[in-house]
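What follows is the residue order along each chain.
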Amino acid sequence: SQKIEQNSEALNIQEGKTATLTCNYTNYSPAYLQWYRQDPGRGPVFLLLIRENEKEKRKERLKVTFDTTLKQSLFHITASQPADSATYLCALGVSGGYNKLIFGAGTRLAVHP
Amino acid sequence: DGGITQSPKYLFRKEGQNVTLSCEQNLNHDAMYWYRQDPGQGLRLIYYSQIVNDFQKGDIAEGYSVSREKKESFPLTVTSAQKNPTAFYLCASSLGAADTQYFGPGTRLTVL
């Protein structure tokens, strides 16, 4: 069956450390993968998109890797801050005539001072 | 300000009633989407529209209906046929069907 999995348990880290979140998938062949941030009671906010032919993408303190062999994406936040505390969603972009996104359930990140 | 707006933020419905959730965007995006979010689950697609006067069912369309009479607006009606409507509803839009989706702030619907 097709699945997209993110750690359901919250990730707790100390301020200043690097947070690493994982997104694994099975039985999909995504053309790209996106990461979104979602705060409680709010809509997701787009962060980064990485395509299947790209290994790594960076934006300020954010870095995303995409390994289509392992069927895995890693999302890193360096020099984490308490303001980075949120739920992070990964979404697979699969072809099919329109921009179909398959979302994971998200991982909650808590950065402690 | 450009963006996507959803109203109301909170909505309460009695069983057996239809309710309509509003979604408006002034980004000049062609494509619009409705998702449902439940605790511990990923967002699930209800309906999408790639162009005015056209829309398609998503993965969980039963009990919902939409219209797309204007480019800026994509209202969602939750009908009494939807057996478990309590959820957080999110509207999104994208420039074209293959572009990044941007989300509104959401509407939390509770059935009393």
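Residues numbered from 1 in each chain as written. Chains lettered and ligands numbered in written order. Predicted model: local features only at pLDDT ≥ 70, side-chain atom pairs only at ≥ 80, totals over all residues. Heavy atoms only, no water.

### Quick look at a nonpolar patch on the surface
Residues Y10, F12 and L112 of chain B make up a contiguous nonpolar surface patch of about 380 Å² in total accessible area. Among the residues examined, F12 of chain B registers a relative accessible area of 53% and is labelled exposed. (Patch = residues over 30% accessible without salt bridge, like charges linked within 9 Å, V, L, I, M, F, W, Y side chains within 5 Å. Areas by Shrake-Rupley, 256 points an atom, 1.4 Å probe, with all protein chains shown as cover. Salt bridge = Lys/Arg side-chain N within 4 Å of Asp/Glu carboxyl O. Buried < 20%, exposed > 50% of the residue type's maximum accessible area, 1.4 Å probe, protein only.)

### A word on the pairing of strand β7 (residues 62–67) of chain A
Side-chain positions along a regular strand alternate between the two faces of the sheet. All names here are of chain A. Pairing geometry for strand β6 (residues 56–59) and β7, over four bridges, is antiparallel. Bridging across to β7, K57 finds its partner in V64. Linkage of β6 to β7, two consecutive antiparallel strands, is achieved through a turn of two residues, within which E60 is found at a positive phi near 55°. (Pairing = 2+ DSSP bridges. Helix = DSSP H or I, 4+ residues; strand = E, 2+ residues; numbered from the N terminus.)

### Quick look at the pattern of salt bridges
On inspection of all chains with the given rule, the structure shows nine salt bridges over all chains. Of the charged contacts, one joins D39 of chain A and R37 of chain A as a salt bridge, the two residues approaching to 3.1 Å between their closest N and O atoms. D39 of chain A gets classed as partly exposed once you look at its relative accessible area, which sits at 26%. Between E54 of chain A and K57 of chain A there is a salt bridge, with its nearest N and O atoms 3.7 Å apart. Here E54 of chain A falls in the partly exposed class, since its relative accessible area comes to 24%. We classify K57 of chain A as partly exposed; its relative accessible area is 28%. In the salt-bridge network here, residues are joined through shared partners; they are R36, D38 and R44 of chain B.

### With respect to the interface of chain B and chain A
Contact residues are listed per partner, giving 23 residues for chain B and 18 residues for chain A. If you look at where chain B meets chain A, you find one salt bridge. The interface formed by chain B and chain A contains three residue pairs in polar contact (both at pLDDT 80 or more). When contributions to the side of chain B that touches chain A are tallied by element, the ones reaching two or more residues are β4 (31–37), β5 (44–51), β9 (87–94) and β10 (102–103) of chain B. In terms of residue class, the side of chain B that touches chain A is made up of 12 nonpolar, eight polar and three charged. (Contact = heavy atoms within 4.5 Å. Polar contact = N/O pair within 3.5 Å; in protein donor to acceptor, adjacent residues only side chain to side chain. Nonpolar A, V, L, I, M, F, W, Y, C, P; charged D, E, K, R; others polar.)

### Observations regarding the state of the cysteines
In a disulfide, the sulfur atoms of two cysteines are held together by a covalent bond. All names here are of chain B. Evaluation of the coordinates by the stated rule reveals two disulfides over all chains. Here C23 connects covalently by a disulfide to C91, the sulfurs 1.9 Å from one another. Looking along the S-S bond of the C23-C91 disulfide, the torsion reads about -70°, which is the left-handed sense. With C23 in strand β3 (residues 19–25) and C91 in strand β9, this residue pair connects regions lying 68 residues apart in the sequence. A residue is classified by how much of its surface remains accessible, and C91, at 0% relative accessible area, is buried. (Disulfide = S-S within 2.5 Å.)

### Some details on unusual backbone geometry
Of the consecutive residues S7 of chain B and P8 of chain B, the connecting peptide bond is found in the cis state with omega at -5°. When you line up the elements, P8 of chain B lands in the loop between β1 (4–7) and β2 (10–13). Of note, the phi angle at N27 of chain A is positive, near 60°, even though the residue is not glycine. Structurally, N27 of chain A is set in the loop between β3 (19–26) and β4 (32–38).

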